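# Descriptive analysis of the structure
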Amino acid sequence: MTDQTSNAMWGGRFAAGPDAVMEAINASVSFDRRLAAQDIAGSRAHAAMLAATGILSHSDAEAIREGLLTVLSEIEGGRFEFSPALEDIHMNVEARLKEIVGEAAGRLHTARSRNDQVATDFRLWVRDQIDAADAGLAALQRALLAQAEAGADWVMPGFTHLQTAQPVTWGHHMLAYVEMFGRDRGRLADARRRLNECPLGAAALAGTGFPIDREMTARELGFDRPMANSLDAVSDRDFALEFLSAASICAMHLSRLSEELVIWASAQFRFVRLSDRFSTGSSIMPQKRNPDAAELIRAKIGRILGATVALFTVMKGLPLAYSKDMQEDKEQVFDAADSLMLSLAAMEGMVRDMDANRTALEAAAGHGFSTATDLADWLVRELGLPFREAHHVTGRLVAAAEARGCDLPDLSLAEMQAAHPGITEAVFEVLGVHNSVASRKSYGGTAPDRVREQVAAWKERLG
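Source: prediction; values computed, not measured.

Rules behind the numbers
- Residues numbered from 1 in each chain as written.
- Predicted model: local features only at pLDDT ≥ 70, side-chain atom pairs only at ≥ 80, totals over all residues.
- Heavy atoms only, no water.
- Helix = DSSP H or I, 4+ residues; strand = E, 2+ residues; numbered from the N terminus.
- Rg over C-alpha atoms; globule rule 2.2 N^0.38 Å.
- Buried < 20%, exposed > 50% of the residue type's maximum accessible area, 1.4 Å probe, protein only.
- Lys, Arg positive; Asp, Glu negative; His and termini not counted.
- Salt bridge = Lys/Arg side-chain N within 4 Å of Asp/Glu carboxyl O.
- Contact = heavy atoms within 4.5 Å.
- pLDDT = per-residue confidence, 0-100.
- Domains from an automatic or database assignment.
- Buried area = accessible area lost by both parts, 1.4 Å probe.
- Polar contact = N/O pair within 3.5 Å; in protein donor to acceptor, adjacent residues only side chain to side chain.
- Patch = residues over 30% accessible without salt bridge, like charges linked within 9 Å, V, L, I, M, F, W, Y side chains within 5 Å.
- Areas by Shrake-Rupley, 256 points an atom, 1.4 Å probe, with all protein chains shown as cover.
- Phe/Tyr/Trp six-rings, centres within 6.5 Å; stacked < 30°, edge-to-face > 60°.
- Lys NZ or Arg CZ within 6 Å of the ring centre and 35° of its normal.
- 1 Å grid on protein atoms, 1.4 Å probe; cavity = no way out; pocket = protein on both sides within 12 Å on 5 of 7 lines; lining within 4 Å.
- Points joined across faces, edges and corners; volume = space filled by probe spheres on them.
- Nonpolar A, V, L, I, M, F, W, Y, C, P; charged D, E, K, R; others polar.

Each helix and strand counted, the protein has 18 helices and 6 strands in total. Whereas a compact globule of 463 residues would reach a radius of gyration of roughly 23 Å, the protein reaches 31 Å, over 25% beyond that. With respect to the three principal axes, the spread of C-alpha positions in the protein is 100 × 50 × 40 Å. Looking at the 463 residues of the protein, the share that counts as buried comes to 50%.

Following this line, the structure appears as C-alpha cells:
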C-alpha cells in the first residue's frame, strides 16, 4: 500500500502533514480494522445504489465491487498492510481500492461521508454480535435444560441470605437461570429491532443533494428501513449503549451463576463437580481443584459494566452531530462483546460437563429446618390456626429441635404436642423433603411435575 503520510486523505486543506503525536491520537485503524467486513459490505451496497440511480457508471460500480472483494480477501488472509497514517479502516480500504481499480475508487465516496459510513459499519457489527450472543445464550439454555431434566426430582436446599430456607429441586434451580437468560435474549432482540435502521445516505449530517435511493441500501444491508433523520443517524450511539446495557445484565446473571458454582464446587458443599476441562490445579497444593473458569466469568461483569459506563460518559455531553470523541465508542464495545462471548462459551461448557452430586444435595436439603414452612402450612390447613400463630408454634418447635441438636422430623410426637396439643402423627408426612417439594404444585413451583412441564415448554420454545 502507498504511504500517504504527507498527503492525508482528508484533502488539500492543510499544507503540512500531521505531527506524530497527533497522528497517534487521531488514528483508529489499530482497533476499527475489526469493522472491515462490515465496511466493505456497506461500500458494495453503496456502489450498487449509485449505479442503480445513475450517479455512477455500471462499469465503475462493478470494478469497485470486485475490487472491494479483493481487499476483503487480502484482509481475511492476513496479507493487507494497514497504515496508521490513513487513520481508519475506511481510508485504508479506499486507498488500497484505488491501487487496485484506479480512478473509479475516488467515485465511491460520492453522496456519503465517513460519518454515516462508520455509523452504518458499527450498527452492522453490533447486529452481528447480538446474533452471536443470542446463539450463545440459546446453547447455554439448552445445557441448563439438560441438567434440569436429569434432576427434575432431585431435592436440594433452597436458600435465602445463603441460609437454608426450603427444599427445592435441582431442576427448578437450573430453570431459574433458563428464565433469566431467556430475558437476556429478549433484551438483545429488542435492541436489535431498534438498531436495525440504516444511517447510510445521511452523509456528514445533512443528507445529500444527489438522487440516492436510501431504501435500496437499507434493503441490501438487511436493515428494516433507512433512518429518518440525518442528524440522528450520524450522531447517536444509543444502539451500542443498549447492547452494552443488555450485555451487562447478562454478565450479571452469568456472574451470579458463577458464584453458585464456586460455592457448590467447594469441599464444604460438594454439590457439583466441575470437569477437568474447566478446573485448574495449584502449583503448591496437590489436592486443589480450582473453579477458575467460573471465577473468571464472575469477574467479567467488571469489564462489561465498565465499558457501559465509559461509553455513557463519552456520549453524555456531545452536541449534535458528530464529534471526534465518538471515535472512543468502539474499543469498549469490542472488548465487552469479546468478554461476553467468551463467558457464554465457557459457562455453556461448564454447565454441560458438570456432575451434580445428588446424594450431597439431598443430605443438605434436610438440614437447617428446611421444612419449617411446611410445618406451619400444615398447622394452618389441618388445625385451622391463623398463619401468624402457626408461625409462632413452628418457631417454638425449631427452638426445641435446636436445643436437642436434631432436626424437626427427629422430634417426638409428645415434643410436638408440647408446642400445640392438636398436632397428630400426620404432621410427620409433611416434614420429609420429598413430600415438601412434591407439595409445591402452584404454577412456577418446585414440584417435579411442574419442573418437567417447564422443561418441555422450554425445549419446544428453543426448538
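This next bit is on the side chain of R123. Relative to the elements of secondary structure, R123 occurs in helix 6 (residues 114-150). This buried residue, R123, is left without a salt bridge; D238 holds the nearest opposite charge, at 4.3 Å. Residues within four places of R123 in sequence aside, it is in contact with R194, L195, E197, P199, F223, M227, D238 and F239.

The next subject is the confidence of the model for the protein. In the predicted model, the protein carries a mean pLDDT of 91, and 94% of its residues have values of at least 70. Segment residues 1-7 is flagged for pLDDT under 50; beyond a separation of four residues in sequence, or across chains, it makes 17 contacts in the model.

What follows concerns the domain arrangement of the protein. Segmentation of the protein into domains returns domain 1 (20-110), domain 2 (115-363) and domain 3 (367-462). With centres defined by C-alpha atoms, the gap from domain 2 to domain 3 works out at 38 Å. The partner domain 3 presents 23 residues to the 23 residues of domain 2 that form the contact. Across the domain 2 to domain 3 interface the summed buried area is about 2000 Å²; carbon plus sulfur atoms make up 62%. Together, L145, Q166 and P167 form the three largest contributors to the area buried by domain 2 at its contact with domain 3, with a combined 25%. Between domain 2 and domain 3 we count 2 salt bridges in total. In this structure, the salt-bridge partner of D153 is R452, at a minimum N-O distance of 3.5 Å. If you look at where domain 2 meets domain 3, you find 7 residue pairs in polar contact (both at pLDDT 80 or more). Contributions of two or more residues to the side of domain 2 that touches domain 3 are made by helix 6, strand 2 (163-169), helix 7 (170-195) and helix 13 (358-365). With 7 residues, helix 7 is the largest single contributor of residues to the side of domain 2 that touches domain 3.

On the surface, a nonpolar cluster with roughly 270 Å² of combined accessible area is contributed by L205, L231 and L320. Structurally, L320 is set in the loop between helix 11 (292-315) and helix 12 (330-353). Judged by relative accessible area, which is 61%, L320 ranks as exposed.

Attention shifts here to the pattern of salt bridges. Enumeration over the complete set of coordinates arrives at 27 salt bridges. Across the salt bridge formed by R96 and E99, the nearest N and O atoms sit 3.0 Å from each other. With R96 and E99 both in helix 5 (residues 89-101) and 3 residues apart, this pair spans about one turn of that helix. A relative accessible area of 34% places E99 in the partly exposed class. The shortest N-O distance in the salt bridge between D184 and R187 comes to 3.0 Å. With D184 and R187 both in helix 7 and 3 residues apart, this pair spans about one turn of that helix. Overall, the relative accessible area of 1% leaves D184 in the buried class. Within this structure, D60, E103 and R107 form a network of salt bridges that share partners.

The next point concerns the packing of aromatic side chains. According to the stated counting rule, one finds 9 aromatic pairs in the structure shown. Between W170 and W264, the ring centres sit 5.4 Å apart and the planes meet at 50°, which makes this aromatic pair tilted. Taken together, the residues W170 in helix 7 and W264 in helix 10 (residues 238-264) connect sequence positions 94 residues apart. W264 carries the same exposure label as W170, and that label is buried. Grouping aromatic residues by their ring pairs yields a cluster made of F159, W170, W264, F269 and F271. A cation over an aromatic ring shows up here: R33 above the ring of F82, its NZ or CZ 4.1 Å from the ring centre. Lying across the ring of W458, R461 places its NZ or CZ 3.9 Å from the centre.

Before going further, it helps to examine empty space enclosed by the protein. Within the structure shown, the criterion is met by 1 cavity of 30 Å³ or more. The computed volume of the largest cavity comes to approximately 50 Å³. For the largest cavity, the full set of lining residues is D39, S43, H90, V93, E94, L108, H109, R112 and Q117. Residues belonging to the lining of the largest cavity are distributed by class as follows: 2 nonpolar, 4 polar and 3 charged.

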